[in-house]
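Here is what each chain is made of, one letter per residue.
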Amino acid sequence: MIECPNIQKTVIRNHYDVSTLFYRLLWGPHIHHGYWLADETPAAAQIQLTSTLSTQANIQPHSVVYDIGCGMGGSSIWLAKNLQCHVTGVTLSPVQRQWAAVSSALKRISPKPTFRCHDAETISFSNESADVVWSIECTEHLFDKPTFFQKAATWIKPGGRFALCAWLAGESPMSSSHQQQALRVCEGMFCPSLGSQSDYVSWFENAGLKVTAKGIWTDQVKETWAICRKRVERTGVRYLAKVLGKNHVLFLDHFDAILNAYNSGAMEYGYFVAEKV
Ligand SMILES: C[S@@+](CC[C@H](N)C(=O)[O-])C[C@H]1O[C@@H](n2cnc3c(N)ncnc32)[C@H](O)[C@@H]1O
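Report on the accompanying structure. (Residues numbered from 1 in each chain as written. Predicted model: local features only at pLDDT ≥ 70, side-chain atom pairs only at ≥ 80, totals over all residues. Heavy atoms only, no water.)

1. Notes on the site of the ligand
And step 1. Taken together, 19 residues lie near the ligand, and Ile 31, Gly 69, Gln 96, Asp 119 and Ala 120 sit nearest.
And step 2. At 2.6 Å from a nitrogen atom of the ligand is found a main-chain nitrogen or oxygen belonging to Gly 69.
And step 3. Of the residues in the shell around the ligand, the class split is eight nonpolar, eight polar and three charged. (Near = heavy atom within 4 Å. Polar contact = N/O pair within 3.5 Å; in protein donor to acceptor, adjacent residues only side chain to side chain. Nonpolar A, V, L, I, M, F, W, Y, C, P; charged D, E, K, R; others polar.)

Structure below.
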């Protein structure tokens, strides 16, 4: 695991409060990588990542889903609209909570997702109340990942599943240059740590969940950053970021760092499905 002790939760919250508008303008309603099998548009590739994870996790219609780190509600809305899931989305950012609620209301999504502004590391849900805990690209931001997985496992009904996508550190032992590359990404993208695929498997298993599917999607997702870089160059987003503060410029300046880390193997992009047996 790569650790980056300087990150603060207030900085993560502020980043998402301020940059949600950037994400929406630059990328779309889903704040996650696209998943390419051919020459899909970026918008189609984003939805394809959501739908592919949903298929891998075999999410059934009408499931109760907790979407941890729900962003602008992209997955929550997709799951409610396409599978009539009863979704509660959780985000650290009050701006995102409001955005997700308005977006789902404007789209008249039914069943209507509920959005809560809360820290996933302190939120509680009733024991065995969820068919699915879903989390795309949020656990990178959590400070005590093993404890979060222990807690989340208690929310899942027997036979229910945890479906997750995450940026991963390469497997240990990592060379010092790979460690530096992954650390640079953590600093720029506000991740207190990055686990490897093996770390995630052990966190699931120690929480009593059986990993039934997992895989590395780096090659299918990494195009995301080349597209984002081009879009930043073509627009005035960098000037806006300068006005908003140095952390936002830091974020934009790290698109190459993540692409390099993917290309060198210092980082990978992984998905997991884990079942409560
Ligand atoms: C990269 S975005 C992913 C958003 C969403 N899953 C999607 O795919 O569109 C990361 C999300 O994790 C949330 N997040 C980060 N730390 C969190 C925490 N401690 N508790 C709840 N949400 C958190 C952020 O607010 C943001 O919504």
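2. Some thoughts on the nonpolar core
And step 1. Among the nonpolar cores identified, the biggest contains 70 residues, and Leu 79, Trp 134, Trp 167, Met 189, Met 267 and Tyr 269 are the most heavily contacted of them.
And step 2. Those residues in contact with Leu 79 that lie beyond four places of it in its chain are Ser 54, Ile 59, Val 65, Gln 84, Cys 85, Val 87 and Trp 134.
And step 3. In terms of nonpolar packing, the next biggest core, distinct from the first, is built from 29 residues, Val 133, Trp 155, Trp 203 and Val 211 among them. (Core = buried A, V, L, I, M, F, W, Y, C linked by side-chain atoms within 4.5 Å. Buried < 20%, exposed > 50% of the residue type's maximum accessible area, 1.4 Å probe, protein only. Contact = heavy atoms within 4.5 Å.)

3. Considering the packing of aromatic side chains
Two descriptors summarise a pair of aromatic rings, namely the distance from one centre to the other and the angle between the planes of the rings.
And step 1. Within the structure shown, the criterion is met by 19 aromatic pairs.
And step 2. Note on Trp 217 and Tyr 271: the rings are 4.4 Å apart at their centroids and 20° apart in plane angle, and the pair reads as stacked. One end of the pair, Trp 217, is in the loop between β8 (209-216) and α8 (218-221); the other, Tyr 271, is in strand β9 (residues 267-276), with 54 residues separating them in the sequence. Judged on exposure class, the residue Trp 217 and its partner Tyr 271 are both buried. (Phe/Tyr/Trp six-rings, centres within 6.5 Å; stacked < 30°, edge-to-face > 60°. Helix = DSSP H or I, 4+ residues; strand = E, 2+ residues; numbered from the N terminus.)

4. A look at a nonpolar patch on the surface
And step 1. Residues Leu 240, Val 243 and Leu 244 make up a contiguous nonpolar surface patch of roughly 280 Å² in combined accessible area.
And step 2. Here Val 243 is to be found in helix α10 (residues 237-244).
And step 3. Taking the relative accessible area as the measure of exposure, Val 243 reaches 69% and is therefore exposed. (Patch = residues over 30% accessible without salt bridge, like charges linked within 9 Å, V, L, I, M, F, W, Y side chains within 5 Å. Areas by Shrake-Rupley, 256 points an atom, 1.4 Å probe, with all protein chains shown as cover. Salt bridge = Lys/Arg side-chain N within 4 Å of Asp/Glu carboxyl O.)

5. A short note on helix α9 (residues 223-234)
And step 1. Its 12 residues place the ends of α9 17 Å apart at the C-alpha level, agreeing with the 16 Å of an ideal helix rising 1.5 Å per residue.
And step 2. Taken as a whole, α9 has its buried residues at Thr 224, Trp 225, Ala 226, Ile 227, Cys 228 and Val 232. (Expected span 1.5 Å × (residues − 1).)

6. Notes on helix α2 (residues 42-56)
Think of an α-helix as 3.6 residues a turn; residues three or four steps apart then line up on the same face.
And step 1. The end-to-end C-alpha separation of α2 is 21 Å, in line with the 21 Å expected for 15 residues at 1.5 Å each.
And step 2. Looking only at α2, the buried set comprises Pro 42, Ala 45, Gln 46, Gln 48, Leu 49, Thr 50, Thr 52, Leu 53 and Ser 54.
And step 3. Considering only its buried residues, α2 is in contact with α3 (74-83), β5 (130-136), β6 (156-169), α8, α9 and β9.
And step 4. Downstream of α2 by one or two residues, Asn 58 has phi in the positive range, about 50°.

7. Describing unusual backbone geometry
And step 1. Cis peptide bonds are those with omega within 30 degrees of zero, and the linkage from Ser 110 to Pro 111 qualifies with -5°.
And step 2. Within the secondary structure layout, Pro 111 lies in the loop between α4 (94-106) and β4 (114-117).
And step 3. The step from Ser 172 to Pro 173 runs through a cis peptide bond, and the omega angle for that step is -5°.
And step 4. Considering the arrangement of structural elements, one finds Pro 173 in the loop between β6 and α6 (176-189).
And step 5. The phi dihedral of Arg 108 falls on the positive side, at around 50°, and the residue is not glycine.
And step 6. Looking at the secondary structure, you find Arg 108 in the loop between α4 and β4.
And step 7. Assessed through its relative accessible area of 74%, Arg 108 is described here as exposed.

8. Side note on the packing of helix α1 (residues 9-26) against α10
And step 1. Running from N to C, α1 and α10 cross one another at 175°; their axes reach a closest spacing of 11 Å. As far as their axial angle goes, α10 and α1 are roughly antiparallel. Counting all contacts with α1, which are made through Val 18, Phe 22 and Leu 26, the residues of α10 involved are Val 237, Leu 240, Ala 241 and Leu 244.
And step 2. Of the residues that constitute the contact of α1 with α10, the class distribution is seven nonpolar, no polar and no charged. (Axes fitted to C-alpha atoms, helices over the stretch in contact; angles between N-to-C directions. Parallel < 35°, antiparallel > 145°, perpendicular 65-115°, else oblique.)

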